[in-house]
Amino acid sequence: MKLRILLADDHEIVRRGLRALLEKHEGWEVCGEASDGREAVEKALQLNPDVVIVDIGMPNLNGLDTTRQLLQHDPHFKVIVLTITDSDQVIREALDAGARGFVLKSDAARDLVSAVEALQNKRMFFTPRVNDLVLAGFLEKGQTFSRNEAPKLPTLTAREREITQLLAEGNSSKEVASLLNLSTKTVETHRSNIMRKLSFHSIRDLVVYAIKNNLIQIEMPPLPPKTPTGPTAA
Amino acid sequence: MTIRILLVDDHPIVRQGLKTLLEGHSGWEVIGEAADGAEAVEKAKDLSPDVMVLDVTMPRMNGLEACRLLRQECPGLEILFVTQHDSPQMMREALEAGARGYVVKSNAARDLLAAVDAVSQHRVFTALNGRNVAELR
C-alpha cells in the first residue's frame, strides 16, 4: 500500500518542487495539497494522509498552529514542519506543537525524503541543530532548550493565536470574522482580550508580537552591496 | 526555435518547482541551474541562455547585483525576476538593474509562463500580487 502524503505550502511553485521530489520515491504518493493551514486541516481530516508536510510561514493559519490543530483532532497524525529558520525558538515551538520531523526548506531536497522515511518507520527526523538542542536540554535536565530564553508572555489560546495572526496579516475584525465564521462582535471581544492579556495598545505592537513569536514570517529585502571603505583622512 | 533558460534560486526545491513548470512548455529547455548570483554570472557566460529566471535574495551575491553585472557581461540575455518581494519599490529596482520582467513567487505558477514568453520576445512583463499585470511592448 502506498504511503500517502499531504503537502501544505502557500507557494504553488514550492508544492510542485516537493511533489516532484516525493513522487520520485517508489511507493509514495502526494494525495493532496493545501495552500494555507486552514485548508491543510480540512484536507487532512478528509484524506487521512499518513504524513502531513507543513510550511511554518503560511497565511491564515501558520504551520505551528496547523500542527497543533491536527494533533488535537487526531494524535496519530505525523507532521513534518518545513521552515526557513532553525532558531531555538522555532525549534522549541515545533517540538511543543508535536511535530515529528523538522526540515529546513533550504535543505529539503536533501533531507525531506529521509524525514518521510523516518516517519514511515515510526521514527522522528530532526536537523543536527535540533538534535543538539534537544540533547542540551536533556543534559541540563531542564524544560528549556536555551539559557537565554526570553521571559514568557501570557499564553494565548489557540483561537486567540489564530486571530492574532489574521489581524497581524492586515485583516480587519470584519474580515477575520468572515474567515473564521464568527460574528464581528466575537472577534472584537477576542481582540480586546488579546490586547489586554499582552498589555498592547496598538496593532503595531500586535504585528511585532506576531513576528517575534513566529505567527507570521517576513522576508527582508537584500542588503545593498558593500562599498569598500578606505582609510579616512584625519 | 528552442528558448534556453537558466534557473537561479538558492532553494533547490523552488528550482525543481520552476523546472517542472517550464519544462511542461514545448520548445523551452532548462539548460542549467545556479544557487546564487555569482554562480549565475559564471553559468550565463558559459551557457549563453536566452532567458534567466532569477531570485532576488540569495547568498554570496544577490539577484540585483548579478543582474547589473550580467547587463554588461551578457547584453543579449533577458532577465526575469521571480521573487518573494511583492513590492513596487523592489520591482522598480529590478527593472533599473536591467531586468525585463518581474513576477512574485507566490503567483509564479500563474504568471511565469506568460512572463517567460514575453521577455523571450524582448517585451517587459511585470506582475505584483493582487495588483495590475502589465505587459508592455
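All figures in this text were calculated on a predicted structure; none of them were measured in a lab.

**Thoughts on the overall build of chain B**
Tallying secondary structure elements over chain B gives five helices and seven strands in all. Ordered by position from the N terminus, the helices and strands of chain B form the series β-α-β-α-β-α-β-α-β-α-β-β. A globule of 137 residues ought to have a C-alpha radius of gyration of about 14 Å, and chain B, at 13 Å, matches this closely. Taking the principal axes of its C-alpha atoms as reference, chain B extends roughly 35 × 30 × 30 Å. Of all 137 residues assigned to chain B, the portion counted as buried reaches 48%. For chain B, restricting intrachain contacts to residue pairs at least 6 apart in sequence, the fraction spanning at least 24 positions comes to 58%.

**A word on the overall build of chain A**
Scanning chain A for helices and strands turns up ten helices and five strands. Per-residue burial for chain A yields a buried fraction of 38% across its 234 residues. In chain A, 62% of the contacts between residues at least 6 apart in sequence involve partners at least 24 apart.

**Looking at the sheet that holds strand β2 (residues 28-34) of chain A**
Residue and element names in this part refer to chain A. Pairing in this open sheet of five strands is parallel, and the strands run β2-β1-β3-β4-β5 from one edge to the other. The strands lining the two open edges of the sheet, one partner per strand, are β2 and β5 (101-104). Strand-to-strand twist in this sheet, taken as the mean axis angle between neighbours without regard to direction, amounts to 20°. With six bridges connecting them, strand β1 (residues 3-8) and β2 associate as parallel partners. Looking at β2, one finds that R4 is bridged to E29.

**Describing unusual backbone geometry**
At N48(A), a residue that is not glycine, the phi angle is positive and equals roughly 50°. Among the residues examined, N48(A) registers 13 C-beta atoms within 10 Å and is labelled partly exposed. If you check the backbone angles, H122(B) has positive phi at about 65° while not being a glycine. Considering the arrangement of structural elements, one finds H122(B) in the loop between α5 (108-120) and β6 (124-127). On the neighbour-count criterion, H122(B) (10 C-beta atoms within 10 Å) is exposed.

The rules behind these values
Residues numbered from 1 in each chain as written. Chains lettered and ligands numbered in written order. Predicted model: local features only at pLDDT ≥ 70, side-chain atom pairs only at ≥ 80, totals over all residues. Helix = DSSP H or I, 4+ residues; strand = E, 2+ residues; numbered from the N terminus. Rg over C-alpha atoms; globule rule 2.2 N^0.38 Å. Buried ≥ 20, exposed ≤ 12 C-beta atoms within 10 Å, placed from the backbone. Contact = placed C-beta atoms within 7 Å. Pairing = 2+ DSSP bridges. Axes fitted to C-alpha atoms, helices over the stretch in contact; angles between N-to-C directions.

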